[in-house]
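A look at the structure
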Amino acid sequence: NNVVFTLSDCHDAIIEDDDGSSSAVESTKRQQSTSRIIIASTCSFLAGIILVAHIGIGNAMTTFLVSTYIWKLPPKSGIVVSIVVGGWTSVVPFLLHLVVLRDVPVGLWVMGLPGVYLGARIAPVVHEKMGIENVLMAFVLFLLGMAGLMVTT
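Structural notes, computed from the coordinates. (Residues numbered from 1 in each chain as written. Predicted model: local features only at pLDDT ≥ 70, side-chain atom pairs only at ≥ 80, totals over all residues. Heavy atoms only, no water.)

Section: the overall build of the chain
Applicable threshold: Segments assigned H or I by DSSP are reported as helices when at least four residues long, segments assigned E as strands when at least two residues long, and all are numbered from the N terminus. Type-normalised accessible area, obtained with a 1.4 Å probe on protein chains alone, sets the label of each residue: buried when under 20%, exposed when over 50%, and partly exposed for intermediate values. The contact criterion used throughout is that any non-hydrogen atoms of two residues lie within 4.5 Å. The Shrake-Rupley method, run with a 1.4 Å probe, gives the accessible areas here. Residue values count only the displayed protein chains as cover.
Along its length, the chain carries five helices and two strands. Along the chain, helices (α) and strands (β) appear in the sequence β-β-α-α-α-α-α when read from the amino end. Buried residues in the chain amount to 18% of all 153 residues. A separation of at least 24 residues holds for 33% of the contacts in the chain among residues at least 6 apart in sequence. Only carbon and sulfur atoms are counted for the fraction: they give 70% of the accessible area of the chain, which is about 11000 Å².

Okay, here's the thing in structure tokens:
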């Protein structure tokens, strides 16, 4: 029994079986699920904008949260996805500063690469051992500490 998902209007989702009958209950569930995903993605996007501006890791953290909670990726895959997305979203600003503004301290930048590599190798193992709740709690404490530091300095 194949199920086909069609949109009759922008707002009405209808689930049709092979015989053409539709199920209003399934339609409502699908629409509510889609609405939740859109709302969660929008909130994550806005939170990412705020985090990136203040601590510089918001895009990776937001991508991790979206990939594990909404896309249901395993945490190990979510960490890799968030690191790759964070890297790619930093390419244009980095090249702008490197080529146009010429204000990148290349020596310091290269010095940080081994730490990034080791962190990318160790993070999935630490996350698996600690569990998502503890990792998120540690991140919240980190954010509160950074906010306190910004307020006091």
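Section: the packing of aromatic side chains
Short version of the rule: In this scheme Phe, Tyr and Trp rings, the latter by its six-membered ring, pair at centre separations within 6.5 Å, and the angle between planes marks the pair as stacked below 30 degrees, edge-to-face above 60, and tilted otherwise.
Throughout the structure, instances matching the rule amount to two aromatic pairs. When the ring of F94 is compared with that of W109, the centres are 4.9 Å apart and the planes differ by 25 degrees; the resulting orientation is stacked. Residue F94 is found in helix α3 (residues 75–101), and its partner W109 is found in helix α4 (residues 106–130); the two are separated by 15 residues along the sequence. Since its relative accessible area comes to 23%, F94 is described here as partly exposed. Residue W109 is classed as partly exposed on the basis of its relative accessible area of 41%.

Some words on the packing of α3 against α4
Heads up, the condition is: Note on method: axes are straight lines fitted to C-alpha atoms, helices fitted across the in-contact stretch only, with angles between N-to-C directions ranging 0 to 180 degrees. With respect to orientation, any angle under 35 degrees is reported as roughly parallel, any angle over 145 as roughly antiparallel, any angle of 65 to 115 as roughly perpendicular, and every other angle as oblique. In this scheme the crossing of two helices becomes right-handed for a clockwise turn of the near helix relative to the far one and left-handed for an anticlockwise turn of less than a right angle. Under this grouping Gly is polar, as are all residues other than the nonpolar Ala, Val, Leu, Ile, Met, Phe, Trp, Tyr, Cys and Pro and the charged Asp, Glu, Lys and Arg.
Look at α3 against α4: their axes get within 9 Å of each other, and the N-to-C directions meet at 165 degrees. Put simply, α3 runs roughly antiparallel to α4. The hand of the α3/α4 crossing is right-handed. Residues P75, K76, I79, I83, F94 and L98 of α3 pack against V106, W109, A120, A123, P124, H127 and E128 of α4. Within the contact of α3 with α4, the residues separate by chemical class into 10 nonpolar, one polar and two charged.

Some details on the nonpolar core
Definition in use: Only buried residues count toward a nonpolar core, which is a set of Ala, Val, Leu, Ile, Met, Phe, Trp, Tyr and Cys residues joined through side-chain atoms within 4.5 Å.
Counting residues in hydrophobic clusters, the biggest one holds six residues: M61, F64, I79, I132, L136 and F139. Secondary structure elements with two or more residues in this core: α2 (58–70) and α5 (132–152). For this core, the leading source of residues is α5, giving three residues. Those residues within four positions of L136 in sequence are excluded, and the remaining contacts are M61, L65 and Y69.

Quick notes on α3
This is how it is decided: Multiply 1.5 Å by the residue count of a helix minus one, and that product is the helix's expected span. A residue's bend is simply the angle between two axes: one fitted to the seven residues ending at it, one to the seven starting at it.
Counted at 1.5 Å a residue, the expected span for α3 with its 27 residues is 39 Å, and the 37 Å between its end C-alpha atoms agrees. Along α3, the largest kink reaches about 35 degrees and is centred on V91; proline P93 follows within four residues of it. Every buried residue belonging to α3 is among G78, I79, S82 and G86, and all of these are buried. Positive backbone phi, approximately 55 degrees, marks R102, located one or two places after α3.

Here we look at the pattern of salt bridges
Short version of the rule: Whenever Lys or Arg places a side-chain nitrogen within 4 Å of a carboxyl oxygen from Asp or Glu, that contact is recorded as a salt bridge.
Under the definition given, this model contains one salt bridge. Salt-bridge contacts for E128 lead to K76; the nearest nitrogen and oxygen are separated by 3.0 Å. Here K76 lies in helix α3 and E128 lies in helix α4, a separation of 52 residues in the sequence.

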